[in-house]
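Analysis of the macromolecular model
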Amino acid sequence: MDKIPVYFMPGLAASPTIFENIHLPEDTFECFYLEWLLPESVNEPLSTYAARVAKGIKHKNAVLIGVSFGGVLVQEMAKLVNVRKVIIISSVRCNAEFPRRMVFAKRTHIYNIFPTGMMQNIEWLARFSVGNSKIAKRVKLYEKFLAVRDKKYLDWAFKSIINWDCETPNMEVIHIHGDEDEVFPPKYLTSFIPVPGGTHIMILNKAKWLNEHLPELIKK
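Now for helix 1 (residues 46–54). Listed as buried for helix 1 are Leu46, Tyr49, Ala50, Val53 and Ala54. Down the axis of helix 1, the sector holding all buried residues measures 140 degrees, keeping them to one side. Looking at the buried positions of helix 1, the neighbouring elements they touch are strand 1 (4–9), helix 2 (69–77) and helix 6 (151–162).

Glancing now at the side chain of Glu97. Along the chain, Glu97 falls in the loop between strand 4 (83–89) and helix 3 (100–108). Despite its burial, Glu97 pairs with no opposite charge, the nearest such side chain being Arg93 at 4.6 Å. The contacts of Glu97, once residues within four sequence positions are left out, are Val92, Pro169, His175, Tyr188, Leu189 and Thr190.

Glancing now at the state of the cysteines. Scanning the model with the defined rule gives 0 disulfides in all. Here Cys94 is not disulfide-linked; the sulfur of Cys166 is the nearest cysteine sulfur, at 5.6 Å. Of the residues examined, Cys166 reaches a relative accessible area of 17% and is grouped as buried.

Throughout the structure, instances matching the rule amount to 4 salt bridges. A salt bridge links Arg52 to Glu40, with the shortest nitrogen-to-oxygen separation between them at 3.7 Å. Of this pair, Arg52 sits in helix 1 while Glu40 sits in the loop between strand 2 (29–33) and helix 1, and the two are 12 residues apart along the sequence. Look at Glu40 and you get exposed, because its relative accessible area is 56%. With its nearest N and O atoms 2.9 Å apart, the salt bridge here joins Lys79 to Glu76. Among the residues examined, Glu76 registers a relative accessible area of 8% and is labelled buried. Through salt bridges with shared partners, a single network forms among Glu40, Glu44 and Arg52.

The next point concerns the nonpolar core. Trp36, Phe69, Leu73, Met77, Tyr153 and Trp156 are the most contacted members of the largest nonpolar core, which totals 38 residues. Mapped onto this core, the elements with two or more residues apiece are strand 1, helix 1, strand 3 (62–67), helix 2, strand 4, helix 3 and helix 6. The dominant element in this core, judged by the number of residues it contributes, is helix 6, at 6 residues. Apart from residues lying up to four places away in sequence, Trp156 is in contact with Trp36, Pro39, Ser41, Val42, Glu44, Leu46, Tyr49 and Phe69. Among the nonpolar cores identified, the runner-up in size contains 26 residues, and Val63, Val67, Ile203 and Trp209 belong to it.

Take the packing of aromatic side chains next. Under the defined criterion, the tally for this structure stands at 11 aromatic pairs. With a centroid separation of 4.9 Å and an interplanar angle of 50 degrees, the aromatic rings of Phe8 and Phe19 are classed as tilted. Remark: Phe19 occurs in the loop between strand 1 and strand 2 and Phe8 occurs in strand 1; sequence separation between them is 11 residues. A single burial state applies to Phe8 and to Phe19, both of which are buried. For the pair Tyr153 and Trp156, a centre-to-centre distance of 6.0 Å together with 40 degrees between the ring planes defines the contact as tilted. Of this pair, Tyr153 and Trp156 both sit in helix 6, 3 residues apart, which is roughly one turn of the helix. Take Tyr153 and Trp156: they sit in the same class, and that class is buried. Chaining the aromatic ring pairs together yields one cluster made of Trp36, Tyr49, Phe69, Tyr153 and Trp156.

Thresholds, definitions, all that
- Residues numbered from 1 in each chain as written.
- Predicted model: local features only at pLDDT ≥ 70, side-chain atom pairs only at ≥ 80, totals over all residues.
- Heavy atoms only, no water.
- Buried < 20%, exposed > 50% of the residue type's maximum accessible area, 1.4 Å probe, protein only.
- Helix = DSSP H or I, 4+ residues; strand = E, 2+ residues; numbered from the N terminus.
- Arc of directions from axis to C-beta.
- Contact = heavy atoms within 4.5 Å.
- Lys, Arg positive; Asp, Glu negative; His and termini not counted.
- Salt bridge = Lys/Arg side-chain N within 4 Å of Asp/Glu carboxyl O.
- Disulfide = S-S within 2.5 Å.
- Core = buried A, V, L, I, M, F, W, Y, C linked by side-chain atoms within 4.5 Å.
- Phe/Tyr/Trp six-rings, centres within 6.5 Å; stacked < 30°, edge-to-face > 60°.

Below you can see the structure in the form of structure tokens.
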């Protein structure tokens, strides 16, 4: 029996190493890992960018799994290639599921003045994300998993996700989400498969749950 090809797309600026704890049965699945490309410009349409990343998909009827902004990207890629299934983790199905702060950012265009240049400083990014507590631990995580710190990429990424034009959720997309996700609060989501105690980084610390459930979700 042919193995099911599964392509993983990491979250914003992250490297495929975020999937290091995800292990699917090797007799059934063959795993591939996509990476972020530098945008051609800050104004490159998300659809155009998705087409460039999709060139890395070498199988028909592949499964696409994306985390956070990577979940948005795989949904755009699925419009361009034949896929067996799309699974998003810690993400959203449409812009109607954005939290209010992201809606405000789109309305006011405040993302244009976001200090993405400072995000190249890992310690500053950790402080921005979690405040003054647990900074040392988060710094180590970012140093290990953040692969793209290019300012042009960060400017493009923030602009692209804030202005994502998908208004209606595709309910065929399987959505796995932590019930304690602080980036995309569950209360704004249409529906999802809940992971108890899962936060926005549950791809790292809830791998056991994912390893137990992903195979059945892919095959059903």
